[in-house]
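Below are the chains, spelled out letter by letter.
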Amino acid sequence: MSKQFSRRNLLRIGALAAAAPAAMTLAPATPAFGSGGTHGGRGGAASKHPRPGWEAANWRVKPFALNQVALRDGIFRQKRDRMLNYARNYPGTGGVLDGPDRMLHLFRVNAGLSAPGTWPGGWDTPNHLLRGHFTGHYLTMLSQCWADTGEEVFLDKLDYLVEELGKCQRALDARPVGRVPGRSGKAVRLSDPHPNQYVLLPAGILADVADVTIAAWVNLVAAQNNAKIFSFGTGANVHLSLTARVSATNPGPRFAITNSGTSAEQRITGDSVPVPIGQWAHVAVTLSAADGTGRLYVDGVEAGTAAITLTPASLGATGNNWIGRGQSNNDPLLNTSVDDFRIYRRALSGTEVRALAAEQASAPAGSPADLVAWYRFDTDGETARDHSGNRRDATIIGTSYRGFLAAFPEGQFSRLEPPTLQPNSGPNAVWAVWYTCHKIMRGLLNAYHLTGNEEALDIAFRMGDWAHQRLSRYSQDELDRMWNIYSAGEAGSMNEVMAELSALAHGSKKRAQYLATAKAFTFTTLFDASLAERDELNGRHANQYMAPNIGYLRIFERTGDRDFHVAAKHFWSMVVPHRTFSNGGAGRSEHFGPRGVITAGFTSSSDPRHAETCCAYNMLRLTRNLFFHDPDPAYMDFYEKALHNQILSSRRDVDSVTSTEVTYHQNMWPGRSRRIGNTVEYSRYGGNGSCCNGTGLESHTKYQETIYFHSADESTLYVNLFIASTLTWRDRGFVITQETRYPTEGSSRLRVEQGGGRLTVRLRVPSWATQGYTVRVNGRRQRLEAKPGSYVTLDRRWNRGDTIDIDMPMSFRVEKALDDKSVQSIMYGPTLMVVRDATPSYREFSFYRDVKLNGDLASSIQSTDVPMHFTTHGYTLAPYYISDPVPGEFNAYHPYVKRIEPEVVFGTVGSGVPNDGVRDENGETFLDRVWAEAPFASHWHFFHRVRQVSAEWVTAARHTEGQRQAILDAATRARRDLDG
């Protein structure tokens, strides 16, 4: 059961906060569970086994729980400890619950509850359209911190936050979402914060109407410019409408009608009689074709008159007929209550309009036969019944269901849904409402999975019911229209959490509903393209279409439908390597570019924002989940690259309890830093509250989750990453430590500290390990075929004290951009080495003249007294993961350099044959092709490769026979240079 906060608990926490020092210091976390013990009995997590989070029955490989893998000293632990310190102490005010209270502030405001204090900032601020998502990430961070360390402070914060979110959800259930008191009886309340947004009248309702009167009672909440009381039309060029307030300088209402654009509008303006704010007012418009006159009334007083020759019939059969909405997305939805809305097929006299304004709202004026439609809004629901007897019922757009939980009004979801389909711009903008919902639900499910908080699961179930009710009413075509809207249609991995709920639910009906809702988040355009291996990602918002693939795997896990697995695999292969930078990131200005194009815009004045951190977060989640189904070492090669470079580097190397210090973007331009112009990427959008700040809370508190996996039958241990750590495998009785200085050194030692028995150990051979990979067990070298980009297997009985020593010598190599092979990154083992320099153009390097038979660039690179820092060509090479450790300073760097190799040379021996100027169909030079086969066992093997490539070059008419002979002669004479 969920721990509920009593007054005693709050007093205890308050006393702890009062005793806390004013300045919090960084305290390293220590594993709390010894040899595989479980957490204490809080949060419902005390059980025989640790909780690893979500697991699927059809996984071939499974993870360990966070508390089963403890980080040891090294760069990962240093970065993790900084985020743990943030998690303990944010926002640095000394109160244990001050952080959760900030995360709750906007939820409480939205639910109408008391909301002391303030909000996180950044995007989590009042009126920001994405507010609330950061709270979901914060839930996940606290869950992971407690699962890792067992520190009570994290569970105190988490349980309090969950309980208070439950109160917000219940308060939202109790809000008035139907009708409100009207002038007489009930009225409909339109626009946020109320769920109802506007009223849709039947198509063609005025198609045969010449003379007309449209009258209504309105109670305006605010003075909105250009908001329409009603509008009938087919768009900006054909419409009739009544604007409640023209502008601040012209606060009166305005009626307009046109069938040929805004410039041809015929207008009646009520400059001197504005519609009052905060009280009921009667408004009416009459058009008389007989005398070509239109009149505008406010509270029975004629506010304006003008010659009007157009009639409603002049507009044809209009389809966009609305109360409270205009024809343009630039017109704000009207924030008002509306009562007694009438349409007459004749122009009422001034006396009749005054009678309408004076009498009870339910009393008819003139003959009921004159009415086209009459809406009174006395009945709750989505239908506004036509009281004229003409059966022209209207639809109230904007629905509400129990279980809603967000920090913004529920109407935001209605604006995204059909028929509104609002974009992420303009006064009625919608921004990724389902994305925000996913972050909250993911955080709640993580609280349940990792700590056993049952109330978190209950809240998530109720949100799942709400999501099902919202989406089950729409066809797949309508859903696709939503998911295709840039940014506004971004839904995160909502399909993931809904599929997980379907596994956790009791009863077949609930399970089916949740699973159907998971599938509703499928964007069939890109899903079908991925399934067919058609690459249609160019120009797409990267995160918007990365995250759903995680959910596709969940649906596959729940249903066995292999299409969902195949689509996710194919999507991954369209990103890796075809859109992946050398730091493991992807995307430019958050968008995918053309397949295979990496360097576009690197040296131009265009937008330099590359490699959004959220993209790496989502790709790592997808990669990890794909590996569970198919333990392909290629997944781990990418995982190591992105984790070790982009994610590790995204956390600034300074302490902070007020800011996440996580980058939003990471520049790939030459000579840039983690600052773009005056914007520091660590604090873009406030340092708290942006999407990347949120994913950073998660990424830097779960580094250990992929170091080790085990086979589903627990017969095999996978060692995926070389990170100093201790594995406590309770079910098998093993405690295994990994001692390593990786990536400073290419070696690692595994030691069996406790336990024993038969176990298969699969050790990853990184794809970069081309200079050898040897394994010794208890000092004895093993006969293994260690192919780069694979796993080697040790199968034996293990005893306490046994050791496995892995040696994989680090080497310098280059990684070439796919679209320009002369643009290259310098890699040292798994680490991207950047050139420290602020010049905004490529630095030009030559290496082949110094390369030996092993193919390592080390002969051109010199070590320094600083670990992992080198020099070459007069520049400093430093690890990309070092992230501006000096406050106020931002290290400029070059992730890519320009490779200049003008002549085919071997050591100091030149051939006189051009190299860079002649390339093959893949953009490779002659020397590229030769050295691609390095290392060479001997000069003979090297010469054989030169002869082979030179023959191909002659056949392809890239070289003449004479040039070939010059190359062979040079290769022969260079033996001493190459042997080194």
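Notes on the structure follow. No experiment lies behind these values; they were computed from the predicted model shown. (Residues numbered from 1 in each chain as written. Predicted model: local features only at pLDDT ≥ 70, side-chain atom pairs only at ≥ 80, totals over all residues. Heavy atoms only, no water.)

Another point: the overall build of the protein chain. The number of helices and strands found in the protein chain is 22 helices and 40 strands. Since a compact globule built from 980 residues should have a radius of gyration of about 30 Å, the 33 Å found for the protein chain is in line with a globular shape. Along the first, second and third principal axes, the C-alpha set of the protein chain runs to 110 × 75 × 50 Å. Relative to its full complement of 980 residues, the protein chain shows a buried share of 61%. Once local pairs closer than 6 in sequence are excluded, the contacts in the protein chain between residues at least 24 apart make up 70%. Element-wise, carbon and sulfur atoms account for 48% of the exposed surface of the protein chain, whose accessible area totals about 34300 Å². The averaged location of the 99 negative side-chain charges in the protein chain is 3 Å from the averaged location of its 106 positive side-chain charges. (Helix = DSSP H or I, 4+ residues; strand = E, 2+ residues; numbered from the N terminus. Rg over C-alpha atoms; globule rule 2.2 N^0.38 Å. Buried < 20%, exposed > 50% of the residue type's maximum accessible area, 1.4 Å probe, protein only. Contact = heavy atoms within 4.5 Å. Areas by Shrake-Rupley, 256 points an atom, 1.4 Å probe, with all protein chains shown as cover. Lys, Arg positive; Asp, Glu negative; His and termini not counted. Charge placed at Lys NZ, Arg CZ, Asp CG, Glu CD.)

In space, the 5 strands of this open sheet follow the order β1-β21-β22-β26-β29, with mixed pairing throughout. The open sheet is flanked by β1 (61-63) and β29 (790-798), the only strands paired with a single partner. Each strand axis lies, on average, 30 degrees off the axis of its neighbour in the sheet, ignoring direction. Examined bridge by bridge, strand β21 (residues 708-711) and strand β22 (residues 716-719) share 3 bridges and lie antiparallel to one another. Following the sheet pairing, Y708 is matched in β22 by V719. Contacting β1, β21, β22 and β29, helix α16 (residues 613-629) crosses the sheet at an angle of about 135 degrees to β1. (Pairing = 2+ DSSP bridges. Axes fitted to C-alpha atoms, helices over the stretch in contact; angles between N-to-C directions.)

Using the criterion set out here, one finds 10 cavities of 30 Å³ or more in the structure. Looking at the largest cavity, its volume works out to about 380 Å³. Forming the walls of the largest cavity are 25 residues, and the residues nearest its centre are P52, N446, R621, R624 and E705. Counting only elements with at least two residues in the lining of the largest cavity, the list comes to α4 (133-149), α8 (433-451), α11 (494-504) and α16. (1 Å grid on protein atoms, 1.4 Å probe; cavity = no way out; pocket = protein on both sides within 12 Å on 5 of 7 lines; lining within 4 Å. Points joined across faces, edges and corners; volume = space filled by probe spheres on them.)

Below, the discussion takes up helix α6 (residues 350-358). Listed in full, the buried residues belonging to α6 are G350, V353, L356 and A357. Seen from one end, α6 has its buried residues packed into an arc of 120 degrees, which puts them on one side. Of the exposed residues in α6, the ones pointing more than 90 degrees away from its buried face are T351 and A358. Tucked inside the fold, the buried residues of α6 contact β6 (212-220), β11 (280-288), β12 (293-298) and β15 (336-344). (Arc of directions from axis to C-beta.)

With that settled, the discussion passes to the nonpolar core. Residues W434, L763 and F906 are the most contacted members of the largest nonpolar core, which totals 194 residues. Per-element tally for this core: the top contributor is helix α5 (residues 152-173), with 10 residues. Excluding anything up to four places from it in sequence, W434 contacts F413, L416, W466, A467, R470, L471, W483, E490, A491, M494 and F521. Listed in part, the 47 residues of the second largest apolar core include V199, I229, A244 and A384. (Core = buried A, V, L, I, M, F, W, Y, C linked by side-chain atoms within 4.5 Å.)

Let's shift gears to the side chain of E265. Secondary-structure assignment places E265 in the loop between β9 (254-258) and β10 (266-269). Accessibility expressed as a relative area gives 19% for E265, which makes it buried. A polar contact is formed between the side chain of E265 and the side chain of H239, at a distance of 3.0 Å. If we skip the residues at most four places from it in the chain, E265 touches H239, A256, I257 and T258. (Polar contact = N/O pair within 3.5 Å; in protein donor to acceptor, adjacent residues only side chain to side chain.)

Attention now goes to the pairing of strand β25 (residues 747-754). Sheet analysis places strand β24 (residues 734-740) next to β25, joined by 6 bridges and oriented antiparallel. If you follow V735 over to β25, its bridge partner there is Q754. Linking two consecutive strands that pair antiparallel, namely β24 and β25, is a turn of 6 residues. Direction of pairing for β25 relative to strand β30 (residues 803-807): antiparallel, over a ladder of 5 bridges. For S747, the partnering residue across the bridge sits in β30 and is D807.

A few words now on the environment of G443. Looking at where G443 falls in the secondary structure, it is placed in helix α8. A C-alpha to C-alpha distance of 4.6 Å links G443 and T140, two positions 303 residues apart in sequence. Each residue touching G443, except ones within four places of it in the same chain, is listed here: G136, L139, T140 and S143.

Moving on, we come to the packing of aromatic side chains. By the definition in use, this model includes 49 aromatic pairs. Members of the aromatic cluster, joined through ring pairs, are F404, F408, F413, W434, W466, W483 and F521. Directly above the ring of Y198 sits R325, whose terminal nitrogen or CZ lies 4.9 Å from the centroid. It is R899 that lies over the ring of Y848; its NZ or CZ is 4.2 Å from the centre. (Phe/Tyr/Trp six-rings, centres within 6.5 Å; stacked < 30°, edge-to-face > 60°. Lys NZ or Arg CZ within 6 Å of the ring centre and 35° of its normal.)

Ordered in space as β2-β23-β24-β25-β30-β27-β28, the 7 strands form an open sheet in which the pairing is antiparallel. Of all strands in the sheet, those with a lone pairing partner are β2 (69-71) and β28 (780-781), marking the two edges. Sheet analysis places strand β27 (residues 774-777) next to β30, joined by 4 bridges and oriented antiparallel. Residue V775 lies in a different strand from β30, and its bridge partner there is I806.

Another aspect to go through is helix α20 (residues 939-955). In this model, α20 (17 residues) spans 24 Å end to end at C-alpha, consistent with the 24 Å of a helix rising 1.5 Å per residue. Three or more residues of α20 are buried, namely H939, F942, F943, R945, V946, V949, S950, W953 and V954. Each buried residue of α20 sits inside an arc of 165 degrees when the element is viewed along its axis, so together they form one side. Opposite the buried face of α20, by more than 90 degrees, sit the exposed residues W940 and T955. Of the surrounding secondary structure, the elements contacted by the buried residues of α20 are β39 (903-906), α19 (926-931), α21 (961-973) and α22 (975-979). (Expected span 1.5 Å × (residues − 1).)

Counting buried residues in β11 gives 8 out of 9 residues, a clear majority hidden from the surface. Pairing of β6 with β11 involves 8 bridges; the strand directions are antiparallel. The partner of T213 across the bridge, within β11, is T286. Once β11 ends, the chain turns through 4 residues before running back antiparallel as β12, passing G292 with a positive phi of about 60 degrees.

On to the layout of surface pockets, then. In this model, the largest pocket occupies a volume close to 1100 Å³. Among the secondary structure elements, those contributing two or more residues to the lining of the largest pocket are α17 (633-650), β31 (812-817) and α19.

Let us look at the side chain of S650. The topology assignment puts S650 in helix α17. At 3.1 Å, the side chain of S650 and the side chain of H700 are in polar contact. What S650 contacts, discounting residues up to four positions off in sequence, is T613, E661, V662, T663, Q666, Y682, H700 and S883.

In the contact formed by helix α2 (residues 75-89) and α17, the axes pass within 11 Å of each other and the chain directions differ by 35 degrees. The two elements α2 and α17 cross, and the hand of that crossing is left-handed. In this structure, α2 uses I75, F76 and K79 to contact α17, whose residues at the interface are L643, H644, L648 and S649. Taken together, the residues of the contact of α2 with α17 sort by class into 4 nonpolar, 2 polar and 1 charged. (Left-handed = near helix turned anticlockwise from the far one by under 90°. Nonpolar A, V, L, I, M, F, W, Y, C, P; charged D, E, K, R; others polar.)

Bringing unusual backbone geometry into the picture now. Along the chain, Y90 connects to P91 via a cis peptide bond; the corresponding omega equals 5 degrees. Note on placement: P91 falls in the loop between α2 and α3 (98-110). Located in the positive-phi region is E533, a residue other than glycine, with phi close to 60 degrees. Topologically, E533 is positioned in the loop between α13 (524-531) and α14 (542-559).

This brings us to the packing of α8 against helix α9 (residues 454-471). Two elements in contact, α8 and α9, have axes whose closest approach is 8 Å; the angle formed by their N-to-C orientations is 150 degrees. Of the possible angle classes, the one that applies to α8 and α9 is roughly antiparallel. As α8 packs across α9, the resulting crossing turns out to be left-handed. Together, W434, C437, I440, M441, L444, L445, A447 and Y448 of α8 and E454, A456, L457, I459, A460, M463, G464, W466, A467, R470 and L471 of α9 make up the contact between the two elements. Along the lines of polarity and charge, the residues of the contact of α8 with α9 split into 16 nonpolar, 1 polar and 2 charged. (Parallel < 35°, antiparallel > 145°, perpendicular 65-115°, else oblique.)

Any link to function would need more than the numbers given here.
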